[in-house]
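Below are the chains, spelled out letter by letter.
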Amino acid sequence: MLSDKMAAALNEQIKIEAESSQIYLAMASWAEVKGFEGISTFMFKQSDEERMHMLKLLKYVNQRGGSAVVSALEEPRLDYTSFSTLFRQLYEHEVKVSASINNLVDIALTEKDYATHNFLQWYVSEQIEEEAQAKVILDKIDLIGDSKGGLYMFDNDMKSFTSAGHNIVQ
Ligand code: OFO
């Protein structure tokens, strides 16, 4: 059974994951309109993954005797002025999500909720991958700068960039 404090914190994370999904969705749509097929495919997939992260938490909360809350979401506010600005925001967002997962782990430990602590380990590993992935993408974008040819190749690379660095062309 979840403590009230643990349930509230997990419910907050449900919202954060749902907002992550929205952020990737907004980027996917933006890239699609701009004709960057590879980037939009990647972002749509990431958006689905974040939704899966949200669902996994929702089901866990209900399974452990809590009541998952499906709340209103913040509209993604993204700065699309350049690719590097956009991907920097993405990277910073993932760093923030990692911090909130760490905070959950902390609460699980202080509440002596070892089941939730165990459950959260999956998220801890996932965030290591997602942060690394966002950093690889950001570094590539910073290398390319404003070169149109570079962006074209980058977009092509993104088609095979499935998740967490697998298949990335370095
Ligand atoms: Fe849910 O992993 Fe990113 O934010």
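Described in the following lines is the structure provided in the data block.

What counts and what doesn't
- Residues numbered from 1 in each chain as written.
- Predicted model: local features only at pLDDT ≥ 70, side-chain atom pairs only at ≥ 80, totals over all residues.
- Heavy atoms only, no water.
- Buried < 20%, exposed > 50% of the residue type's maximum accessible area, 1.4 Å probe, protein only.
- Salt bridge = Lys/Arg side-chain N within 4 Å of Asp/Glu carboxyl O.
- Helix = DSSP H or I, 4+ residues; strand = E, 2+ residues; numbered from the N terminus.
- Lys, Arg positive; Asp, Glu negative; His and termini not counted.
- Contact = heavy atoms within 4.5 Å.
- Arc of directions from axis to C-beta.
- 1 Å grid on protein atoms, 1.4 Å probe; cavity = no way out; pocket = protein on both sides within 12 Å on 5 of 7 lines; lining within 4 Å.
- Points joined across faces, edges and corners; volume = space filled by probe spheres on them.
- Nonpolar A, V, L, I, M, F, W, Y, C, P; charged D, E, K, R; others polar.
- Phe/Tyr/Trp six-rings, centres within 6.5 Å; stacked < 30°, edge-to-face > 60°.

### Focus: unusual backbone geometry
Across residues other than glycine, the phi torsion is negative in most instances, and most of the peptide bonds are trans. In this structure, K112 is a non-glycine residue whose phi angle is positive, near 55 degrees. A residue is classified by how much of its surface remains accessible, and K112, at 61% relative accessible area, is exposed.

### Brief notes about the pattern of salt bridges
The full count for this structure, using the stated rule, is six salt bridges. Across the salt bridge formed by K135 and D139, the nearest N and O atoms sit 2.9 Å from each other. Taken together, the residues K135 and D139, both in helix α4 (residues 114–144) and four residues apart, mark about one turn of the helix. Accessibility expressed as a relative area gives 33% for K135, which makes it partly exposed. Judged by its relative accessible area of 37%, D139 falls in the partly exposed class. In this structure, K140 engages D157 in a salt bridge whose closest nitrogen and oxygen atoms are separated by 3.3 Å. With K140 in helix α4 and D157 in helix α5 (residues 148–160), the pair connects residues that are 17 residues apart, well separated along the chain. With respect to class, K140 is no different from D157; both count as buried.

### Here's the deal with the side chain of E130
Structurally, E130 is set in helix α4. No salt bridge is formed by the buried E130, whose closest oppositely charged neighbour, K45, lies at an N-O distance of 10 Å. Setting aside anything within four residues of it in sequence, one finds E130 in contact with Q46, E49, E50, H53 and E94.

### Looking at α5
Those residues of α5 lying buried are G150, L151, F154, D155, D157 and M158. With its buried residues spanning 160 degrees around the axis, α5 presents them on a single face. Exposed positions of α5 whose direction lies more than 90 degrees from the buried face are K148, Y152 and M153. Against α2 (37–63), α3 (83–110) and α4 lie the buried residues of α5.

### Considerations on the layout of surface pockets
In this structure, the largest pocket spans a volume of roughly 360 Å³. In terms of lining, the largest pocket is formed by 16 residues, of which the most central are E19, I23, R77, H93 and K96. Of all the elements, α3 adds the most residues to the lining of the largest pocket, at seven residues. Per-class residue counts for the lining of the largest pocket are six nonpolar, four polar and six charged. Estimated volume of the second largest pocket: approximately 170 Å³. Lining the second largest pocket we find T81, S82, F83, S84, I141, G145, D146, K148 and L151. When contributions to the lining of the second largest pocket are tallied by element, the ones reaching two or more residues are α3 and α5. Among the residues making up the lining of the second largest pocket, the classes are represented as three nonpolar, four polar and two charged.

### Here we look at the packing of aromatic side chains
Centre distance and the angle of the planes are the two values used to describe a pair of aromatic rings. If you walk through the whole model with that rule in mind, you get eight aromatic pairs. Judged by centre distance (5.0 Å) and plane angle (85 degrees), the rings of F36 and F83 are edge-to-face. Linking F36 in the loop between α1 (4–34) and α2 with F83 in helix α3, this pair joins segments that are 47 residues apart in sequence. F36 gets classed as buried once you look at its relative accessible area, which sits at 18%. Given a relative accessible area of 12%, F83 falls into the buried group. Ring plane angle 50 degrees and centroid distance 5.6 Å describe the contact between F119 and Y123, whose orientation is recorded as tilted. Of this pair, F119 and Y123 both sit in helix α4, four residues apart, which is roughly one turn of that helix. The two residues F119 and Y123 agree in class, both being buried. An aromatic cluster of three or more residues is present, and its members are W30, F36, Y80, F83, F87 and F154.

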